[in-house]
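Structural overview for review
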Amino acid sequence: MCGIVGFVGMKEASPILVEGLSKLEYRGYDSAGVAILENGEINVRKYKGRLKNLEDNLYQNPLGGSIGIGHTRWATHGEPSDVNSHPHTNENATISVVHNGIIENYIKLKEWLGKKGYDFYSETDTEVIPNLIDYYYKGDLFEAVVKATSKMEGSYAIGVICKNEPDKIVAVRKDSPLIVGIGEGEYFIASDIPAVINHTREVYLLEDKEFVILKRDGIEIKTEDGEEVN
Ligand code: GLU
């Protein structure tokens, strides 16, 4: 278990992400991190240890930006370390992912991606995800996430941001919890309701393999075939 949060809105994302993660501390964790989109770039900060380490770093060197994802990790593959902490990013740092769960076939995927020229820097199963999305990315993040997840076996709740589509978060779950918080002109994802309760009481519990696209002007929930879920 661990925690995921994501925020899309007009306010500064980093304090909202850290506050949301603090509400998920009861789930247990060994490291914490955020990835935030600002001026078309993805900035990542992630540290082994208490959430306080991340919070202190962000206090000293604040990150602007009003779209971002955050994570508290409970290591399953690879020791607790800064490098193994989430978010994980593809080599060009265009795609950033937080993941809760276990990718059972990550070794096979790592070998397959390795043959296509992808390098890996962490010991985690998670690092295959941003690289798989990168492999399938042809200008539509939702489609790339659908294709990537169709190759992934195991359990996951993921939140994804992409430098080329700096107005959104794409998220999906399978056998790991993920909720969507619906505010006024601001939207959230989280592993559990306490992470969003200070911002909204309107919450949608995603079903397995429901994809959500969060933007400042609203959310769309779709199946893997692209059909809208009401
Ligand atoms: N399996 C992933 C890792 O070890 C995610 C663990 C989690 O759910 O926090 O990094």
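To start, this report covers the structure provided alongside it. As the structure is a computational prediction, the values presented were derived from the model and not from experiment.

Moving on, we come to the sheet that holds strand E9 (residues 179-182). The seven strands are arranged E3-E2-E4-E1-E10-E9-E11 in an open sheet whose pairing can be described as antiparallel. Two strands lie at the open edges of the sheet, namely strand E3 (41-48) and strand E11 (203-205), each paired on one side alone. Here the average twist between neighbouring strands, direction ignored, is 15°. As paired strands, E9 and strand E10 (residues 187-190) are joined by four bridges and run antiparallel to one another. Within E10, the position partnered with Ile-179 by the bridge is Ala-190. Seen against the sheet, helix H2 (residues 51-60) touches strand E2 (31-38) and E3 and runs at an angle of roughly 135° to E3.

What follows covers the environment of Lys-108. Along the chain, Lys-108 turns up in helix H3 (residues 106-115). Each C-alpha atom of the pair Lys-108 and Ile-161 lies 24 Å from the other, and the pair is 53 residues apart in sequence.

Side chains on a regular strand alternate between the two faces of the sheet. Here eight bridges tie E2 to E3, and the two strands are oriented antiparallel to one another. Bridge pairing links Glu-38 to Glu-41 in E3.

Below, the discussion takes up the side chain of Lys-222. Inspection of the secondary structure puts Lys-222 in strand E13 (residues 218-222). When its relative accessible area of 15% is taken as the criterion, Lys-222 is described as buried.

For the coordinates displayed, the defined rule picks out four aromatic pairs. Their ring planes at 75° and their centres at 5.0 Å tell us that Trp-112 and Tyr-135 sit as a pair that is edge-to-face. A residue pair is termed long-range when its members are at least 10 positions apart, and Trp-112 in helix H3 and Tyr-135 in helix H4 (residues 128-136) qualify at 23 residues. The partly exposed category is assigned to Trp-112, whose relative accessible area is 33%. By relative accessible area, Tyr-135 is classed as partly exposed at 28%. Joined through ring pairs, the aromatic side chains of Trp-112, Tyr-135 and Tyr-136 make up one cluster. A cation sits over an aromatic face here: Lys-138 above Tyr-135, 6.0 Å from the ring centre.

It is worth spelling out the sheet that holds strand E12 (residues 211-215) at this point. One open sheet accounts for six strands, arranged E5-E6-E7-E8-E12-E13; its pairing is antiparallel. Strands at the two margins of the open sheet, each flanked by one partner only, are strand E5 (88-89) and E13. Where strand E8 (residues 168-174) meets E12, five bridges bridge the pair, whose relative direction is antiparallel. When the bridges of E12 are listed, Ala-171 appears paired with Val-212. On the sheet, H4 packs against E5, strand E6 (95-103) and strand E7 (154-162) and is oriented at approximately 125° with respect to E6.

Every buried residue belonging to H3 is among Tyr-106, Leu-109 and Leu-113, and all of these are buried. The arc that holds every buried residue of H3, seen down its axis, measures 60°, which confines them to one face. Facing away from the buried side of H3, by more than 90 degrees, are the exposed residues Lys-108 and Lys-115. The inward-facing, buried residues of H3 contact E6, H4 and helix H5 (141-151).

Near the ligand lie 14 residues; those nearest to it are Arg-73, Thr-76, His-86, Gly-101 and Asp-125. Within the contact set of the ligand, a nitrogen atom lies 2.8 Å away from a backbone nitrogen or oxygen of Gly-101. A total of 300 Å² of accessible area belongs to the ligand in isolation, and the protein chains cover 99% of it. Breaking the shell around the ligand down by element, the ones donating at least two residues are strand E4 (67-73) and E6. Ranked by residue count, the leading element in the shell around the ligand is E6, at three residues.

With that settled, consider the side chain of Asn-84. As for its position among the elements, Asn-84 is in the loop between E4 and E5. You can call Asn-84 buried: its relative accessible area is 2%. A polar atom in the side chain of Asn-84 sits 2.7 Å from the side chain of Glu-123. Setting aside anything within four residues of it in sequence, one finds Asn-84 in contact with Arg-73, Gly-78, Glu-79, Ser-122, Glu-123 and Thr-124.

Reading guide: rules and limits
Residues numbered from 1 in each chain as written. Predicted model: local features only at pLDDT ≥ 70, side-chain atom pairs only at ≥ 80, totals over all residues. Heavy atoms only, no water. Pairing = 2+ DSSP bridges. Helix = DSSP H or I, 4+ residues; strand = E, 2+ residues; numbered from the N terminus. Axes fitted to C-alpha atoms, helices over the stretch in contact; angles between N-to-C directions. Contact = heavy atoms within 4.5 Å. Buried < 20%, exposed > 50% of the residue type's maximum accessible area, 1.4 Å probe, protein only. Phe/Tyr/Trp six-rings, centres within 6.5 Å; stacked < 30°, edge-to-face > 60°. Lys NZ or Arg CZ within 6 Å of the ring centre and 35° of its normal. Arc of directions from axis to C-beta. Near = heavy atom within 4 Å. Polar contact = N/O pair within 3.5 Å; in protein donor to acceptor, adjacent residues only side chain to side chain. Areas by Shrake-Rupley, 256 points an atom, 1.4 Å probe, with all protein chains shown as cover.

Limitation: the analysis is restricted to geometry and does not speak to function.
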